Structure formats: structure tokens, C-alpha cells
Amino acid sequence: MSQSLSEQEIQRRESLQALRQMGIDPYPAARYEASHFSTDILSGFEADAEATEWESVKISGRIMTKRIMGKASFIDVMDSKGRIQVYLNRDVLCPGEEKELYNSVFKKHLDIGDFIGITGKVFRTKMGEVTLEADSLTVLSKSLKPLPIVKKDEEGNVYDAFTDPEQRYRMRYVDLVVNDKVKDTFITRTRIINAMREFFNRYDYLEVETPILQPIPGGAAARPFITHHNALNIPLYLRIANELYLKRLIVGGFEGVYEFAKDFRNEGMDRTHNPEFTVMEIYVAYKDYFWMMDFTEQMLQHVVKTIKGGDSKVSLGGVELNFEAPFARVSMRQAILDHTGFDIDGKSEAELRAACADMGIETEPSMGKGKLIDEIFGEKCEPNYIQPTFITDYPVEMSPLCKKHRDNPEYTERFELMINGKEVANAYSELNDPIDQRERFEAQLQLSEKGDDEAMFIDQDFLRALEYGMPPTSGMGIGIDRLTMMLTDNASIQEVLFFPQMKPEKTVKKVELNDNEKLLFERLKAEGRMPLNDLKEQLGLSNKQWDKSLKGLNKLGLSKVEKTDEGLFIELL
RNA sequence: GACUCAGUAGCUCAGUUGGUAGAGCAUCUCCCUUUUAAGGAGAGGGUCCAGGGUUCGAGCCCCUGCUGAGUCACCA
């Protein structure tokens, strides 16, 4: 790929050459093992400045700022844990007559973004900052592109921050380097997952892996991605959920199974939806959804206390969320009654539709009872549940994989966990009656025929598994991305995914053609594919000019010469 | 998908009624041995997102497109 370099990029390439000419490898192979992380030095030296440990310290990292004052300089070096200031005094770094390492290598040819290793001793500057005085400097890796320079003043105000979301998401590596908070978010994400896994393992539940490529995409209502397996010559779908496979494992006799899974849904993208996202699903035998509510709130309390150092409160967009168990529990019927005064109990589809109309909620003919109730709830109730709240007992039509409620067959034994007005977790007393399950799937088929393109497929093998018998089981799924958003105070899913899905980057072909190349290009554009010799004759260029221009175009990937039985042909690409 | 806003130097952003393209940081040169948004003096750096149009003249006005953000709709 040919592209023009900015002045700064050219400058850095020149420095690269200069280093090589001085016999310094800008990309050395040898390992460079630091004795301390920056943070170890800062905290350790504070505690024990007299210790001899600080006489000989070795660190490595990226140069983040350079403050040169003639024969002495300060730089900030950033390692994986944080930053530390390094003091480079010319005569300390270069005690002999030879001062090139300071004057030339450091001052002229090292830039912000380069990786270096430093050894030296720790001291405190006049200004009181713990600093490493360098007695050696090793070039570890040269950076050829300038990093955005983010500056902070004494009050912590940030200047010239690297903020453009598109740039940040496309070049997450840069985002991570210059925006400290970004790294923290992803570290917290991993700690959330680790805390959850630790909690499940305490119960001896088994972490498992189930297929991502599935012949029938089941377990949720969503449009799947489709792909094709060549050897089998069949379509395969990327999973939209792992529920049906995990339940097969409960049939197979495990006490409890869970999976952190990437799911894929071929739907719109916005600040709460990415085409691939992470879900944790867990299934436990001989339990019901009441048990699962207790389990879920204990688990979340554990997760929050783990990442917050014992605190169960989290701040989200200025609102304080409290994850201290137990959470509030409200049935869906009660929730709707509370917020609209309308009682959904025993109402027909027509009555519900009329109620929607009264409340100013738009409906469509394809909506069944379940969907209508869901609309009312989503419109009038959902946003009100800011603190963690279990909404229970969903209408049977909405929950084809869930047991009917033991007290009222109109409802199911299901709960969703609402936090900050959004659904975070979803759980059932799992339907294990194979005949009921088959009927529910068939009802979904009818919805699908009515125009609901998300209605579920019938998974015959799953039904067969149920026919062999599944113990009473409760299952729960939780959206890891959304949970992470809430626990890290981020409003967008893109902030909690390292590499969110983006539209393809537009690559502008930037080329300079000389006159002959332009001539050739224009002619080809007009004629399309043509025999090589015809083109040559038409242009009337000398052999040398012709050859050079043609090779120029080919090199830029603009044209292609093809040899066939009929002779040589040329065409534009 | 609809609407609103935005796209100018490596980064963050100004840009007057339509009249030669600006600042800070970064870069380069010089000075500076405990600075810290280091400082001082000087210099270079631009496809003003792309393509059309209006105009004597467009970063600015109009149209189309691309990209992003926000709101809504759809969607777990």
C-alpha cells in the first residue's frame, strides 16, 4: 500500500535510520526485565525512602512526555501499571567524554511513544515528585506514528484529549495508551467475569463450552447470522443463545453448568447493541426461579463488592445503585397495576389492545397478548426500575421456554432483573415438559406465520432430549456487556467492547500519476479490457515510456495484465 | 429507517457578510543541569470529508454522497 507520510512520520523514520547508523538496534530481540512496575516504585518509595532497594531500579515502558532543559531532561515513562517520571542528567547518563547517548540518541532520536528501558536510582525532586534518575537507557522499540498528546494540569483538567469516538474505537490500541480510564474499564470487565466465575465455582458448577455454529439457532427470539459449511454442504447459524445446549447437558446429568458465551444477532447496532455480544448463562438442576432470584442477587452483590473493594454501591450517570441483597421483587401484573392502574389479569387480546390504545401505545395486528403486555410494560413501567429489581411472572405467550406458573397458567415462572430501567438478566423455572414444550414451539410457528420474524424455530433434537427427561431446573442469563456498562459507568456498549463492530473503514486511494501514466489510465478507463498491443499502438509511447508507465500502474494496483490463449490483455481493477 | 448536529494541521479546536487558512499542543532549529499543561526565541506543516452547482471569487451558500455522534423508531 502506498501512502504519503506526514512530516512527523518521515522525521521518525529518519531517526530510525540514524539510530541504526549509530549501531543501535531500534527493535532489539533481547528480553528486558524490569525490576519494578512504576506503581511499585511510587508506593514503595513513599513508604520506605531509606531502603537500599531504591538504589538500583530497572523499568521499561513508553515515553509519554519529554521536557528537555539543555543538559538535563524529565520524561514520563508509562508501563502497564502506570507512569513514573524519569530524570535524565547528561553527565549521570554519560559519565565519560562521550555524550552521544544523551545529546543525540535521547534528545534527537527518541520520541513520545518509543519504548525504552531505564536503570537508575529513585529520588525525590525539589518539587516533591518521586523520580527515577537514569544511569542507563536502552532503546526497546521505536514508534513511527505520533501518539495524540493528552495533557493534564494540576487540577486534573485534561487538555487535547483524544476523544473522537470513531478514531478511538477503530484504533483502540491508541485509545488504551492515551486514555487511562479506558484501560480501567476493561480491567474491571475482566474482574467482573472473574468474580462471577469464582462465585459459580464455589458451588461446583461446571464451566462448559457449547457450539457456536448451530444447525438450528434456538433459545431466543432474534434474527441469526447464517453461514455455510462446505464439507457438509449445509447452512449453519451463529448462535443467538446457548440455552438449548446447556439444558441438554442438564438432561445428561450435570448438577449445574454455565458458559460465558459470545452470541450473535443479525440486527441493528446502537449504543446498547453490538452484533456480537457476551452472555453468561447458567442452569442448575432441582432448582426453581425463586432459588435463582436469591442466587442471582447474591452473585451480583459478590461481583460488585469484589470490584468495589467491599462496597455494594455503584454510581451510574450520577445515580447511585445499591446492589445490597435482597433486591425488590415485583410481579409484572403488579408493576403494570402500579404504573398504569390497569390490571392485565384475565384480559383478552382485544381488551389488552384497547388498553394500549387508551394509554397511547401503538400496536400492530401481529402482536399477540404477550407482546401487547410487553409493550405496556416496556413503555410505562420499565424505565421506573432504577435500583436492581426483579420483575416476575411474565405472560405465557412471551416465554416459550419457561414453565407455566404453579399458581396461574396464564403466567410463567420467569423473572427479569431490571437495573437503571434496563433489563440485565433473564431467568426461568425451565420448561421440562416435552409435550408442553412442543406445543409452545408450535405456537411460535404460528406467530412466525403471522409475521413475527423473530419467532423461534423448532429444535427437534432439543425436544427429543426433553423426552428423555430433564430434572426441574432453573436457568439464568445475564448480559455481560450491559452489566459492565452499568458497573463502569459507561453509557455505550462500544465503551466496554475492545473492538466494537464498525462500518468498514473507507480507504481513499491517494496516488500521484505522471503524465504518461495518466494517459494510459484514461485510455484504459474509456476502453475497458483490451489487448495489450492495441493499447500500446494507440498511445504511441516509446518502448521505455510504455514499459515504465504500465509497470507504474500495475504497481499501484490500478491495472492488471492477463495472459490468455488469445494473447496478452490489460484491464483496470 | 427518520430527524438534528458535526467533519479544517499529527491531536484539540477557532474561522466575521462569500474576499490570500488560524491558535494551543505536537514536530524542526537555537538557548536552558530538579522540570511537570516546564520556559524563551524562531521555523515548517493543509485534498478545509468527497463530488457537483451558484458566484468574478466558496472552508463558509445550494444539491448529492460518505463517515461519525445524538434523539427517536425497530430490536433483547
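Residues numbered from 1 in each chain as written. Chains lettered and ligands numbered in written order. Predicted model: local features only at pLDDT ≥ 70, side-chain atom pairs only at ≥ 80, totals over all residues. Heavy atoms only, no water.

K.L.:
Can you walk me through the overall build of chain A in this structure?
P.N.:
Each helix and strand in chain A was counted, giving 18 helices and 23 strands. Evaluated residue by residue, chain A yields a buried proportion of 46% over its 573 residues. For chain A, contacts bridging at least 24 residues in sequence account for 63% of all contacts bridging at least 6. Accessible surface for chain A amounts to roughly 29500 Å². Of this, 50% is attributable to carbon and sulfur atoms. (Helix = DSSP H or I, 4+ residues; strand = E, 2+ residues; numbered from the N terminus. Buried < 20%, exposed > 50% of the residue type's maximum accessible area, 1.4 Å probe, protein only. Contact = heavy atoms within 4.5 Å. Areas by Shrake-Rupley, 256 points an atom, 1.4 Å probe, with all protein chains shown as cover.)

K.L.:
Explain the confidence of the model for chain A here, please?
P.N.:
Any residue range with low pLDDT should be treated as having predicted coordinates unsuitable for detailed reading. Summarising the model, chain A shows a mean pLDDT of 85, and 86% of its residues fall at 70 or more. Looking over chain A, one finds the lowest element-wise mean pLDDT in helix 18 (residues 543–555), namely 54, and the highest in strand 8 (residues 206–207), namely 97. Per-residue pLDDT stays below 50 along residues 507–515; that stretch engages in 12 contacts with residues further than four places along the chain or on separate chains. Prediction confidence for the complex, expressed as pTM and ipTM, is 0.83 and 0.84 respectively. (pLDDT = per-residue confidence, 0-100.)

K.L.:
Would you mind showing me how to read a negative patch on the surface here?
P.N.:
A contiguous patch of negative charge, built from Asp40, Asp48, Glu50 and Glu53, is present on the exposed surface. Along the chain, Glu50 falls in the loop between helix 2 (38–47) and strand 1 (57–69). A residue is classified by how much of its surface remains accessible, and Glu50, at 73% relative accessible area, is exposed. (Patch = residues over 30% accessible without salt bridge, like charges linked within 9 Å, V, L, I, M, F, W, Y side chains within 5 Å. Salt bridge = Lys/Arg side-chain N within 4 Å of Asp/Glu carboxyl O. Lys, Arg positive; Asp, Glu negative; His and termini not counted. Charge placed at Lys NZ, Arg CZ, Asp CG, Glu CD.)

K.L.:
Explain the sheet that holds strand 18 (residues 414–419) here, please?
P.N.:
Strand pairing in a sheet takes place through backbone hydrogen bonds and is either antiparallel or parallel in direction. With respect to topology, 8 strands assemble into an open sheet ordered 8-12-13-20-19-18-17-16, the strand pairing being mixed. Two strands in the sheet have a free side with no partner beyond their single neighbour: strand 8 and strand 16 (328–331). Pairing geometry for strand 16 and strand 17 (residues 389–392), over 4 bridges, is parallel. By the bridge assignment for strand 17, Arg329 is matched with Phe390. The sheet contacts of helix 10 (residues 332–340) involve strand 16 and strand 17, and relative to strand 16 the element is tilted by about 85°. (Pairing = 2+ DSSP bridges. Axes fitted to C-alpha atoms, helices over the stretch in contact; angles between N-to-C directions.)

K.L.:
How should unusual backbone geometry be read in this particular structure?
P.N.:
Glycine aside, negative phi is the norm for most residues, and most peptide bonds take the trans geometry. Of note, the bond from Ala325 into Pro326 is cis; its omega dihedral lies within 30 degrees of zero at 0°. Note that Pro326 resides in the loop between strand 15 (319–322) and strand 16. In this structure, Asp204 is a non-glycine residue whose phi angle is positive, near 65°. Looking at the secondary structure, you find Asp204 in the loop between helix 7 (180–202) and strand 8.

K.L.:
It is not clear to me how the pairing of strand 14 (residues 313–316) should be interpreted in this structure. Could you clarify?
P.N.:
The side chains of a regular strand alternate, first on one face of the sheet and then on the other. Residues Val314 and Leu316 point to one face of strand 14 and are all buried, whereas Lys313 and Ser315, pointing to the other face, are not buried. As judged from the 4 bridges shared by strand 14 and strand 15, these two strands associate in the antiparallel manner. If you follow Lys313 over to strand 15, its bridge partner there is Asn322.

K.L.:
Explain the pairing of strand 20 (residues 473–479) here, please?
P.N.:
Counting buried residues in strand 20 gives 7 out of 7 residues, a clear majority hidden from the surface. Where burial is concerned, the two faces of strand 20 agree: the one with Thr473, Gly475, Gly477 and Gly479 and the one with Ser474, Met476 and Ile478 are both buried. Strand direction decides the pairing type here: strand 13 (residues 276–285) and strand 20, joined by 7 bridges, are antiparallel. Along strand 20, the bridge assignment pairs Met280 with Ile478. Judged from the 5 bridges that link them, strand 19 (residues 422–429) and strand 20 form a sheet pairing that is antiparallel. Residue pairing in the sheet places Ser429 in a bridge with Ser474 of strand 20.

K.L.:
When you look at the nonpolar core in this model, what are you seeing that I'm missing?
P.N.:
Counting residues in each nonpolar core, the largest one holds 40 residues, and the members touching the most others are Met196, Met280, Ile282, Met476 and Ile478. Broken down by element, this core gets its largest block of residues, 10 residues, from helix 9 (residues 289–307). Here Met196 is in contact with Phe260, Met280, Met299, Val303, Ile478, Ile480 and Leu483, once residues within four sequence places are set aside. One finds Val77, Ile84, Val86 and Val139 within the second-largest nonpolar core, a separate group that totals 27 residues. (Core = buried A, V, L, I, M, F, W, Y, C linked by side-chain atoms within 4.5 Å.)

K.L.:
What is the right way to look at the environment of Ile84 in this model?
P.N.:
When you line up the elements, Ile84 lands in strand 3 (residues 83–89). Accessibility expressed as a relative area gives 2% for Ile84, which makes it buried. As a C-alpha pair, Ile84 and Ala241 span 157 residues in sequence and 45 Å in three-dimensional space. The contacts of Ile84, once residues within four sequence positions are left out, are Ser38, Ile41, Leu42, Ile59, Ile75, Asp76, Val77 and Val130.

K.L.:
So what exactly am I meant to see when it comes to the packing of aromatic side chains here?
P.N.:
By convention here, two paired aromatic rings are described through the distance between centres and the angle between planes. This model, assessed by the stated rule, comprises 22 aromatic pairs. Their ring planes at 20° and their centres at 5.8 Å tell us that Phe200 and Phe295 sit as a pair that is stacked. Taken together, the positions of Phe200 in helix 7 and Phe295 in helix 9 put the pair 95 residues apart, joining distant regions of the chain. Here Phe200 matches Phe295 in class, with each residue buried. Each ring, one from Trp291 and one from Phe295, has its centre 4.7 Å from the other, and the planes form 15°; the classification is stacked. Of this pair, Trp291 and Phe295 both sit in helix 9, separated by 4 residues, roughly a single helical turn. The burial state of Trp291 is the same as that of Phe295; both residues are buried. (Phe/Tyr/Trp six-rings, centres within 6.5 Å; stacked < 30°, edge-to-face > 60°.)

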